[in-house]
Amino acid sequence: MSEVDSIISQLQHFTWPDYVVFVAMFILCIFIGIYFGFMEKSLGESDYLMGGRNMLCLPIALSLVASFISGITLLGLPTEVYSYGIQYLYVSLGVIAMGFIMSIYYLPVFHDLNITSTYEYLESRFDRRLRMFGSVMFTIMNIGYLPIVIYVPALAFNQVTGVAVHTITPIVCIICIFYTTLGGLKAVVWTDVVQIISMIGALILVAIKGSIDIGGASKVFESAWESGRIEGPDMDLNPTVRHTLWSQLVGGVFYWTQTNAVSQNMIQRYLALPTLSSARKALALFCLGVLVLMGLCSYNGLLMYATYKQCDPLTTKLAKARDQLLPLFVMETLGEYPGLTGLFIAGVFSAALSSLSTCLNSMSAVVLEDFIKPFVKRPLSETAINWIMRSVVVSVGVLCVFLVYIVEHMGTVLQLTMSLEAITNGPLLGIFTIGVFMPWINGNSALLGGIVGVVGMSWISLKAQWAVASGAMVYETKPLTVEHCTYQFDTSVLVSAANTTLSEAAKEEILPLYRISYMWYTCLGALLTMGIAVLWHFIFGGNDPKTIDHSLLSPCIRKYFQSEDNHLQTKNLQIDIPLKNKSVDEEVAL
């Protein structure tokens, strides 16, 4: 056994208090599922999928943060900052901008329609073909995303315990499937609340103990500044530069708007709130929570560099994979304190469970509302609906366990996830944006734009990921060294690293289109979709904008495309219908 393997073996001392803390989190999630599945009254479709549309703002906001900040971010972002510096963190500007854009232009449209599946909107605005297109794209994206969500925490667990990835993933999935199947959206939301507390606690614990060990936060920032990891935004206009101010701000706005404003995974929670004002409050809390968690993750990345700046564990293979770097740091920092490592790993798994349960619940909504209900001649019985919703959760969960075998060969998860999501995310954002802002464009134009967008982004994203995986495209990291390591390691890894650097020359042979930063992918997919749709409209024509129900349009443009008949119809609709979705104060005001 080499010295590196010996050190890894010594660090893998997950004690019984660690297992107690780790298992306790799972048991708590199971009891939450049992409570909402059995202790409350029988869950109907509205309760199971939408929480009865009367949930509280704060739990929903915490659930949104928990499900979005998956283990991918929890482990991937610190490693990103460790390797490349804080340039990625300027995406926080995109998060803030997204909050305003979604609150003003997108959220009012979906909340007022009282829908369950976001893709019901596409049928109302265009036709059933667009609804099916959106639902299929969502399904493909989720099935590609969920195995990554499962794999990442399993990788962390492997680093600290030595337990094989494919041993722990089925266990985690079974637990998540169990409480999601039993309790529906309410179980998902309240387990998310528990899990977000666990996440934040784990990150703060690592940050405090690691800072004390290194000599204080000032040492962390000093090391980061000297190595160039803390720097101002890169103002380069070149889209092939991995992270610039423009890619993080503009590209970040497109990415975050899609994932938060039009994705079923997130919108379903906003629609579970009784009023638009409460949904907007949840959105504001979501943005704040995301920024706090991103700041904690980034600080831990700088902390890892201050600790390992004399001997990079990625080069020496003390961390076998990039996304095992933070778990390695945790074992060295917290390993001597029984139970604390277990708390951190519980936090990582909490992030994964929250994302997984959210996606499974959303998948059951989409399959029921978009793939089954439109094609049955008779209304489904309550029993049939319950079986369908729960069968979808179980089936998708089992499928994702098997797909983990593929994901483990795909590389760094943060960039990989955003790159693959953009294949469907960009075109879907383009179609929804056409729907709410361009009433003159019809279903034919939108569908063609969506198809071209998916094909184009599939080609670009997969080609780029192949170039990264094959070593033909390498991104230069900030300074890392192994000159002062206190242990022996296989020096052949240095030769391998040098050869990898030489492959930079191969970048000249790669089309510039494939070298575009992954942060632009969602933006590129959306613009391609909208561009093709607009071009097709000019050639073959489209809708009369005044024939479109103005409630399907963003509030800022309704007045420009509203006929007198439509106006009267809407006025009557406002008097007759929406009281069921308004608070008491709003009812009195109306």
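Residues numbered from 1 in each chain as written. Predicted model: local features only at pLDDT ≥ 70, side-chain atom pairs only at ≥ 80, totals over all residues. Heavy atoms only, no water.

(A) Main features of a nonpolar patch on the surface. A surface patch of nonpolar side chains, about 490 Å² in accessible area, is lined by Val394, Val398, Phe402, Tyr405 and Ile406. With respect to the secondary-structure elements, Ile406 resides in helix 17 (residues 382–407). Its relative accessible area of 52% is what places Ile406 among the exposed residues. (Patch = residues over 30% accessible without salt bridge, like charges linked within 9 Å, V, L, I, M, F, W, Y side chains within 5 Å. Areas by Shrake-Rupley, 256 points an atom, 1.4 Å probe, with all protein chains shown as cover. Salt bridge = Lys/Arg side-chain N within 4 Å of Asp/Glu carboxyl O. Helix = DSSP H or I, 4+ residues; strand = E, 2+ residues; numbered from the N terminus. Buried < 20%, exposed > 50% of the residue type's maximum accessible area, 1.4 Å probe, protein only.)

(B) Expanded view of the nonpolar core. Core analysis: the biggest nonpolar cluster contains 172 residues, and Trp256, Tyr270 and Phe286 have the highest contact counts within it. At 18 residues, the largest contribution of residues to this core is made by helix 13 (residues 276–308). Setting aside residues up to four positions removed in sequence, Trp256 forms contacts with Phe68, Val91, Val95, Met98, Ala261, Phe286, Val290 and Met294. (Core = buried A, V, L, I, M, F, W, Y, C linked by side-chain atoms within 4.5 Å. Contact = heavy atoms within 4.5 Å.)

(C) Spatial organisation of the packing of aromatic side chains. By the definition in use, this model includes 14 aromatic pairs. Relative to Tyr121, the ring of Phe110 lies with its centre 5.5 Å away and its plane at 80°, an arrangement referred to as edge-to-face. Note that Phe110 is positioned in helix 6 (residues 92–113) and Tyr121 in helix 7 (residues 120–125), a separation of 11 residues in sequence. The pair Phe110 / Tyr121 is uniform in exposure class, with both members buried. Here Phe110 and Phe432 contribute two aromatic rings whose centre-to-centre distance is 5.7 Å and whose plane-to-plane angle is 75°, an arrangement assigned as edge-to-face. Residue Phe110 is located in helix 6, and its partner Phe432 is located in helix 18 (residues 413–437); the two are separated by 322 residues in the primary sequence. Three or more aromatic residues link up through ring pairs in this structure, and these residues are Phe110, Tyr119, Tyr121, Phe138 and Phe432. Directly above the aromatic system of Phe375 lies the positively charged group of Arg128, at a separation of 5.4 Å from the ring centroid. Positioned above the aromatic ring of Tyr82 is the side chain of Arg229, whose terminal nitrogen or guanidinium carbon lies 6.0 Å from the ring centre. (Phe/Tyr/Trp six-rings, centres within 6.5 Å; stacked < 30°, edge-to-face > 60°. Lys NZ or Arg CZ within 6 Å of the ring centre and 35° of its normal.)

(D) Geometry of the pattern of salt bridges. One pass over the structure, following the stated rule, counts 8 salt bridges. In this structure, Arg128 engages Glu123 in a salt bridge whose closest nitrogen and oxygen atoms are separated by 3.6 Å. Classification of Glu123 as partly exposed rests on a relative accessible area of 25%. Of the charged contacts in the structure, one is a salt bridge between Lys478 and Glu231, with a shortest N-O distance of 3.1 Å. Of this pair, Lys478 sits in the loop between helix 19 (443–470) and helix 20 (492–502) while Glu231 sits in the loop between helix 10 (217–226) and helix 11 (245–262); the two residues are 247 residues apart in sequence, bridging distant segments of the chain. With a relative accessible area of 19%, Lys478 lands in the buried category.

(E) The state of the cysteines, seen in detail. Under the definition given, this model contains 1 disulfide. Note that Cys311 is cross-linked by a disulfide to Cys485, the S-S spacing being 1.9 Å. Note on the Cys311 and Cys485 pair: the S-S dihedral is about 95°, so by sign convention the disulfide is right-handed. Remark: Cys485 occurs in the loop between helix 19 and helix 20 and Cys311 occurs in the loop between helix 13 and helix 14 (313–316); sequence separation between them is 174 residues. A relative accessible area of 11% means that Cys311 is categorised as buried. Lacking any disulfide linkage, Cys176 is separated from the closest cysteine sulfur, that of Cys173, by 7.1 Å. With a relative accessible area of 0%, Cys176 lands in the buried category. (Disulfide = S-S within 2.5 Å.)

(F) Representation of unusual backbone geometry in the model. Look at Lys317: it is not a glycine, yet its phi comes out positive at around 70°. Along the polypeptide, Lys317 turns up in the loop between helix 14 and helix 15 (325–334).

(G) Region of interest: helix 21 (residues 521–540). Helix length check: helix 21, at 20 residues, gives a terminal C-alpha distance of 28 Å against a target of 28 Å (1.5 Å per residue), a fit within 8%. Considered for burial, the residues of helix 21 that qualify are Tyr521, Thr522, Cys523, Gly525, Ala526, Thr529, Met530, Ala533 and His537. Positive backbone phi, approximately 85°, marks Gly541, located one or two places after helix 21. (Expected span 1.5 Å × (residues − 1).)

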